[in-house]
Amino acid sequence: MNVLRLLFFVLFLAGHRNVDAQEKFSFAFLTDMHVNANPKSRSLDGLKQALRSAEASGAEFIISGGDNVDVDGMKADRKEEAIKLYTDYKAVIDASKLPWHLTIGNHDRYWHDSTSHSPYGDGLFSSFFGDTYYTFEHKSWRFIVLNSTEIGDGKYCVSEQQRQWLVEVLANTPDTQPIVVSTHVPFLSLYYPVLEGKYTDADTFTNQKEIFDLFAGHNLKLVLQGHQHLYEEIKVKGVQFITAGAVSANWWGGEFHGTEEGYLLVHADGDDITWEYMDYGWEVAK
């Protein structure tokens, strides 16, 4: 019996060593691609170049941070054009060597989709990519993708329905499990203070503190944000917030206040993370 117990203990430790080794991985966060209908921007070519870089980086999967396509300004008579943008974008993703997990951005919303009963304009996005908020796991880490482009009182927010979903997700998440959150509209940003010298909630979602407080007692390690096209790092209460620039930088017009076209490469090792902003070499046509 003692021999059997010893053998079981050895196998148990070996199994845990294997799990620990499997927890070392990398992933890429690509945000604000803004694939659009203007051929001069070459936006689809830019996306493909960024993707080739991400595929060669050692990343095991990709999370998009939203503003995948530019359809929110299109009127009802341009629905076929909006569908084509989504179709072209999805074709690039489907041809990728890596799995993708998409976040919805405000520019991804098409407001004239008569087949959708959503009040947030996300029907076309959902028809191509499914739920606008969801969770998945990778090598013992939990990833939570939020939809921060829902609207309340005319401003970006996380709806009550989504909040209740998140409460349930966290109730079923072990306290020690490391968590990464992806959101398009930021929880925190210094965009306006830095660029315009003023504080405003215009480009954060309004109930961000209420949503952030839900993670109290959990092992939230990293919040990945888009929307601003500006690279920012803010650490609050032990949580790292990164606004990860933009694949399109200045909407395919060059660097944006010092942030080049790029994406974030994140490395997880056990319970720790490191990251680097990857300039993938895009050059604007002269």
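The structure we're discussing is the one just above.
S.K.: Hey, could you run me through the overall build of the protein in this one?
M.R.: Secondary structure summary: the protein contains seven helices and 13 strands in total. Its C-alpha atoms give the protein a radius of gyration of 20 Å, within 12% of the compact-globule value 19 Å for 286 residues. Along the first, second and third principal axes, the C-alpha atoms of the protein reach 75 × 45 × 40 Å. Here the protein holds 286 residues, and 50% of them are scored as buried.

S.K.: Is there a simple way to think about the pairing of strand β1 (residues 25–30) in this case?
M.R.: Regular strands place side chains that alternate from one sheet face to the opposite one. With six of six residues buried, β1 lies mostly within the body of the structure. Along β1, one buried face is formed by Phe 25, Phe 27 and Phe 29 and the opposite face, lined by Ser 26, Ala 28 and Leu 30, is buried too. Bridging between β1 and strand β12 (residues 262–269) involves five bridges; their strand directions are antiparallel. When the sheet's bridge partners are listed, Phe 27 is paired in β12 with Val 266. The pairing of β1 with strand β2 (residues 62–64) spans three bridges and is classified as parallel. The residue of β2 that forms the bridge with Phe 29 is Ile 63.

S.K.: Help me understand the environment of Pro 119, please; the structure alone is not making it clear to me.
M.R.: Following the sequence through the fold, Pro 119 ends up in the loop between β3 (100–102) and α4 (123–129). For the pair Pro 119 and Glu 150, spaced 31 residues apart in sequence, the C-alpha separation works out to 8.4 Å.

S.K.: Whenever I open this one, a nonpolar patch on the surface confuses me. Can you help?
M.R.: Taken together, Leu 190, Val 194 and Tyr 199 make up a surface patch of nonpolar side chains, about 370 Å² in accessible area. Relative to the helices and strands, Tyr 199 is located in the loop between α6 (191–196) and α7 (208–213).

S.K.: I keep staring at the sheet that holds β2 and nothing clicks. Help me out?
M.R.: Pairing between the strands of a sheet comes from backbone hydrogen bonds, and it takes one of two forms, parallel or antiparallel. Sheet architecture is open: five strands sit in the order β3-β2-β1-β12-β13, paired in mixed fashion. The open sheet is flanked by β3 and β13 (272–279), the only strands paired with a single partner. Shown here is a sheet whose adjacent strand axes are inclined to one another by a mean of 20°, direction ignored.

S.K.: Looking at this structure, how should I read helix α5 (residues 160–171)?
M.R.: Owing to its 3.6 residues per turn, the α-helix brings residues three or four apart onto one side. The end-to-end C-alpha distance of α5 is 16 Å, a good match for the 16 Å that twelve residues give at a rise of 1.5 Å each. Inspection of α5 places Gln 162, Arg 163, Leu 166, Val 169 and Leu 170 among the buried residues, and these make up the whole buried set. The buried residues of α5 occupy an angular sector of 115° when projected down its axis, which confines them to one face. Those residues of α5 that are exposed and angled more than 90 degrees off the buried face are Gln 161, Glu 168 and Ala 171. In this structure, the buried residues of α5 make contact with β4 (134–138), β5 (141–145), β6 (150–152), β8 (178–183) and α7.

S.K.: Is there a simple way to explain the nonpolar core in this structure?
M.R.: Nonpolar side chains tend toward joint burial in soluble globular proteins. Within the largest apolar cluster, 33 residues are counted, with the highest numbers of intra-cluster contacts made by Ala 28, Leu 30, Ile 62, Val 71, Tyr 89 and Trp 100. When residues of this core are traced back to their parent elements, those giving at least two are β1, α2 (43–55), α3 (79–94), β3, α4 and β12. For this core, the leading source of residues is α3, giving six residues. Discounting chain neighbours no more than four positions away, the residues touching Ala 28 are Ala 54, Ala 59, Phe 61, Ile 62, Ile 63, Tyr 263, Leu 264 and Leu 265.

S.K.: Help me understand the sheet that holds β8 in this model?
M.R.: Pairing within the open sheet is mixed, and its six strands lie in the order β4-β5-β8-β9-β11-β10. Whereas interior strands pair on both sides, the edge strands pair on one side only; in this sheet they are β4 and β10 (231–236). Strand-to-strand twist of the sheet, defined as the mean angle between neighbouring strand axes without regard to direction, takes the value 20°. Strand direction decides the pairing type here: β10 and strand β11 (residues 239–244), joined by six bridges, are antiparallel.

S.K.: Looking at this structure, I do not really get α3. What am I missing?
M.R.: In this model α3 runs 22 Å from its N-terminal to its C-terminal C-alpha over 16 residues, within 8% of the 22 Å that 1.5 Å per residue would give. Every buried residue of α3 is accounted for by Ala 82, Leu 85, Tyr 86, Tyr 89, Val 92 and Ile 93. For α3, the angular spread of the buried residues around the axis is 120°, confining them to a single face. Of the residues in α3, the exposed ones pointing more than 90 degrees away from the buried face are Glu 80, Lys 84 and Asp 94. Here the buried face of α3 lies against α2, β2, β3 and α4.

S.K.: Which parts of the structure should I look at to understand unusual backbone geometry?
M.R.: The phi torsion of most residues other than glycine is negative, and most of the peptide bonds are trans. Of note, His 227 is a non-glycine position whose phi angle comes to about 80°, a positive value. Within the secondary structure layout, His 227 lies in the loop between β9 (219–225) and β10.

S.K.: Can you help me understand the packing of aromatic side chains in this one?
M.R.: Two aromatic rings, taken as a pair, are described by how far apart their centres are and by the angle between their planes. For the structure on display, the rule yields 24 aromatic pairs. Residues Phe 128 and Phe 129 carry aromatic rings whose centres are separated by 6.2 Å and whose planes lie at 45° to one another, so their mutual orientation is tilted. Counting every residue linked through ring pairs, the aromatic cluster contains Phe 25, Phe 27, Phe 61, Phe 136, Trp 141 and Phe 143.

Conventions adopted
Residues numbered from 1 in each chain as written. Predicted model: local features only at pLDDT ≥ 70, side-chain atom pairs only at ≥ 80, totals over all residues. Heavy atoms only, no water. Helix = DSSP H or I, 4+ residues; strand = E, 2+ residues; numbered from the N terminus. Rg over C-alpha atoms; globule rule 2.2 N^0.38 Å. Buried < 20%, exposed > 50% of the residue type's maximum accessible area, 1.4 Å probe, protein only. Pairing = 2+ DSSP bridges. Patch = residues over 30% accessible without salt bridge, like charges linked within 9 Å, V, L, I, M, F, W, Y side chains within 5 Å. Areas by Shrake-Rupley, 256 points an atom, 1.4 Å probe, with all protein chains shown as cover. Salt bridge = Lys/Arg side-chain N within 4 Å of Asp/Glu carboxyl O. Axes fitted to C-alpha atoms, helices over the stretch in contact; angles between N-to-C directions. Expected span 1.5 Å × (residues − 1). Arc of directions from axis to C-beta. Contact = heavy atoms within 4.5 Å. Core = buried A, V, L, I, M, F, W, Y, C linked by side-chain atoms within 4.5 Å. Phe/Tyr/Trp six-rings, centres within 6.5 Å; stacked < 30°, edge-to-face > 60°.

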